[in-house]
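# Fold and geometry: a report
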2 protein chains.
Amino acid sequence: MTRSEENYLKTIFHLGGGDSKSITTNAIAEQMETKPSSVTDMAKKLSEKGLVDYVRYQGVSLTGAGVKTALSIIRKHRLWEVFLVEKLDFTWDEVHEVAEQLEHIKSEKLIDKIDELLEFPKYDPHGDPIPTKDGKFQERDEKLLSEMPINSKGICVGVKDSSVPFLKFLDKNKIALGNTIKVMDKEDFDNSLRIQMEGKEMRISHQIASNLYVKKND
Amino acid sequence: MTRSEENYLKTIFHLGGGDSKSITTNAIAEQMETKPSSVTDMAKKLSEKGLVDYVRYQGVSLTGAGVKTALSIIRKHRLWEVFLVEKLDFTWDEVHEVAEQLEHIKSEKLIDKIDELLEFPKYDPHGDPIPTKDGKFQERDEKLLSEMPINSKGICVGVKDSSVPFLKFLDKNKIALGNTIKVMDKEDFDNSLRIQMEGKEMRISHQIASNLYVKKND
DNA sequence: AATTAAATTTAGACAAAACTAAAAATAGGT
DNA sequence: ACCTATTTTTAGTTTTGTCTAAATTTAATT
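Quick notes on the rules
- Residues numbered from 1 in each chain as written.
- Chains lettered and ligands numbered in written order.
- Predicted model: local features only at pLDDT ≥ 70, side-chain atom pairs only at ≥ 80, totals over all residues.
- Heavy atoms only, no water.
- Salt bridge = Lys/Arg side-chain N within 4 Å of Asp/Glu carboxyl O.
- Buried < 20%, exposed > 50% of the residue type's maximum accessible area, 1.4 Å probe, protein only.
- Helix = DSSP H or I, 4+ residues; strand = E, 2+ residues; numbered from the N terminus.
- Near = heavy atom within 4 Å.
- Polar contact = N/O pair within 3.5 Å; in protein donor to acceptor, adjacent residues only side chain to side chain.
- Nonpolar A, V, L, I, M, F, W, Y, C, P; charged D, E, K, R; others polar.
- Domains from an automatic or database assignment.
- Pairing = 2+ DSSP bridges.
- Contact = heavy atoms within 4.5 Å.
- Buried area = accessible area lost by both parts, 1.4 Å probe.
- 1 Å grid on protein atoms, 1.4 Å probe; cavity = no way out; pocket = protein on both sides within 12 Å on 5 of 7 lines; lining within 4 Å.
- Points joined across faces, edges and corners; volume = space filled by probe spheres on them.

## A look at the pattern of salt bridges
The full count for this structure, using the stated rule, is 33 salt bridges over all chains. E142 of chain A is the partner of R140 of chain A in a salt bridge, and the nearest nitrogen-oxygen pair spans 3.3 Å. For R140 of chain A, a relative accessible area of 19% gives the class buried. Residue class for E142 of chain A comes out partly exposed when judged on its relative accessible area of 28%. A salt bridge links D124 of chain B to R78 of chain B; the shortest N-O distance between them is 3.7 Å. One end of the pair, D124 of chain B, is in the loop between α6 (108-117) and β3 (143-144); the other, R78 of chain B, is in helix α4 (residues 64-88), and 46 residues separate them in sequence. Pair check on accessibility: D124 of chain B and R78 of chain B agree, each one buried. A cluster of three or more residues bridged by salt bridges with shared partners is formed by R75, E108, D112, D115 and K133 of chain A.

## Examining the protein's contact with DNA strand C
Around DNA strand C there are 20 residues in total, and K44 and Y54 of chain A together with T34, S38 and K45 of chain B lie nearest to it. Of all DNA strand C atoms lying within 4 Å of any protein atom, the proportion belonging to sugar or phosphate reaches 81%. Between DNA strand C and T40 of chain A, the relevant distance is 2.6 Å, taken from a phosphate oxygen to a side-chain nitrogen or oxygen of the residue. Between DNA strand C and Y57 of chain A there is a distance of 3.1 Å, counted from a phosphate oxygen to a backbone nitrogen or oxygen. For the surface near DNA strand C, the elements supplying multiple residues, two or more each, are α2 (25-32) and α3 (36-48) of chain A together with α1 (3-14) and α3 (36-48) of chain B. For the surface near DNA strand C, a count of residues per class yields 5 nonpolar, 10 polar and 5 charged.

## Overview of the domain arrangement of chain A
Domain parsing of chain A yields domain 1 (3-62) and domain 2 (143-216). A straight line from the C-alpha centre of domain 1 of chain A to that of domain 2 of chain A covers 34 Å.

## Focus on the sheet that holds strand β6 (residues 193-197) of chain B
Residues and elements named next belong to chain B. Spatially, 6 strands are ordered β3-β8-β4-β5-β6-β7 in an open sheet, and the strand pairing comes out antiparallel. Every other strand in the sheet has two partners, leaving β3 and β7 (200-204) as the edge strands with one partner each. Both β3 and strand β8 (residues 212-216) contribute to a ladder of 2 bridges, which runs antiparallel. Paired with K143 across the strands is V214, a residue of β8.

## Some remarks on helix α6 (residues 108-117) of chain A
Listing the buried residues of α6 of chain A in full gives L110, I111, K113, I114 and D115 of chain A. Looking one or two places after α6 of chain A, you find E119 of chain A, whose phi comes out positive at around 60°.

## Section: the interface of chain B and chain A
Counting residues at the interface gives 20 residues for chain B and 20 residues for chain A. Both faces combined, the contact of chain B with chain A buries some 1700 Å², and carbon together with sulfur accounts for 67% of it. Considering only the surface of chain B that becomes buried against chain A, L88, Q101 and K109 of chain B emerge as the three largest contributors, covering 27% of it. Our count for the contact surface shared by chain B and chain A stands at 2 salt bridges. One salt bridge in this structure joins K109 of chain A and E94 of chain B, with 3.0 Å as the shortest N-O distance. Where chain B packs against chain A, one counts 4 residue pairs in polar contact (both at pLDDT 80 or more). Mapped onto the side of chain B that touches chain A, the elements with two or more residues apiece are α4, α5 (95-102) and α6 of chain B. Per-element accounting of the side of chain B that touches chain A gives the leading share, 5 residues, to α6 of chain B. A per-class count over the side of chain B that touches chain A returns 10 nonpolar, 3 polar and 7 charged.

## With respect to the layout of surface pockets
The volume enclosed by the largest pocket comes to roughly 1100 Å³. H14, R78, H96, D128 and S162 of chain A are the residues nearest the centre of the largest pocket, which is lined by 38 residues in total. In terms of residue class, the lining of the largest pocket is made up of 12 nonpolar, 12 polar and 14 charged. Shared between two domains, the lining of the largest pocket holds at least three residues of each, these being domain 1 (3-62) and domain 2 (143-216) of chain A. Computed from the structure, the second largest pocket encloses a volume of approximately 970 Å³. Lining the second largest pocket are 27 residues, with H14, R78, H96, D128 and S162 of chain B positioned closest to its centre. Mapped by element, the contributors of at least two residues to the lining of the second largest pocket are α1, α2 (25-32), α4 and α5 of chain B. Sorting elements by how many residues they give to the lining of the second largest pocket places α1 of chain B first, with 5 residues. For the lining of the second largest pocket, the residue count by class is 8 nonpolar, 9 polar and 10 charged. Formed jointly, the lining of the second largest pocket draws a minimum of three residues from each of two domains, domain 1 (3-62) and domain 2 (143-216) of chain B.

## Notes on the protein's contact with DNA strand D
Contacts to DNA strand D come from 20 residues, most closely from T2, T34 and K45 of chain A together with K44 and Y54 of chain B. The sugar and phosphate moieties of DNA strand D supply 76% of its atoms located within 4 Å of the protein. Between DNA strand D and T34 of chain A, the relevant distance is 2.5 Å, taken from a phosphate oxygen to a side-chain nitrogen or oxygen of the residue. A distance of 2.6 Å separates a phosphate oxygen of DNA strand D from a polar atom in the side chain of T40 of chain B. When residues of the surface near DNA strand D are traced back to their parent elements, those giving at least two are α1 (3-14) and α3 of chain A together with α2 and α3 of chain B. Looking at the surface near DNA strand D, its residues break down into 5 nonpolar, 10 polar and 5 charged.

Right, here's the structure in full:
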């Protein structure tokens, strides 16, 4: 497994090619900021290795082996993110770039020990689930804040957009994972929300609300 | 800085090319298990970048910038080794391979935080000094056990050979860094030593004694 | 069913890092 | 000073991953 191969598998998984849905070369190229022709080359190689099914002009989807490999990389990425935040005081907007490098370190013992050190976390700093060693996902019953009905309560458990600007915005506005949320009111005009977060009232744009995951209470 | 460039600089430093001594391409090739012709190519590239002085048919030596870069990689390698042993319960014979990968992670913040987490260790698990952030070495007054006079005492502080077999041998014989050592007697015949280690008497071959560093007490 | 626009693949090239085999330079011994 | 063995470099290939530009296939529209 080269680093490049691993990055392709990860991207295909994230684009939804895990459940045998076919992902186009263009979509992969755009996501990875490379050219479609490069993707074609890699598709052939990964197909040779039995990690993806590739049909010319149709796209690629991960095989069982491909999913397994992708999950192991995602697992490493997310565990390293937790490590950086929990043990080294990184902020959640700083971890992605470094984890992109650390996820390629080849040592099963290393990642298992990191997992143990962190006491087997189930979610990463952005609320994304960490696959278990045997590739199982800890799915959670969550919905977007923008889809919560008025008067419903919940806990903020994840972000959909984990870009640096969005995360910094959340920090600035004291919106953090784990916070309690109650939807007070919706504004028809611009779809903004009036919410209570940890008891304090605030107004939130639709943009923001549609990028925050909430676990419903009642 | 590519990974390969970093590995060359590190090797040149270890072969003694830090103090402007010229190291031959052959020596580098042997150390890195590659071919002299490959070394020549890299020597030209590193010379272009101002990291080594290279004279055809004469060899290479590190420039100031080259030494600085080499030390920063060695620093990272050794700090990661300490991390693996102290925080993840790796044994001292398991750390090298993984540290070889981790040393190439690019993030100044990461290594500084690891340093802090470990409380700024001065030596790695094999007793090798860890360069400071500004490239200074913590040299220690140490000598090989084989060179200690009879009746002198000291503390075992490092290994010269840090190969897996040697380290495992030391473990098996309960020889560890930090142990007190007293040289009782030398055998002229085979240069073996009779020593007291942590109070217990044992016999040690010249082979072993010439790969253990000791800090003299008196 | 034909045409056209968009997506995708092919073909050929390049850069990095390595290798092999052949050529060139150095150093040692007489 | 010359010859020879060794070391080192050069020249030409290979592999991996990328690119551009041209060719092909698919899909959408009429």
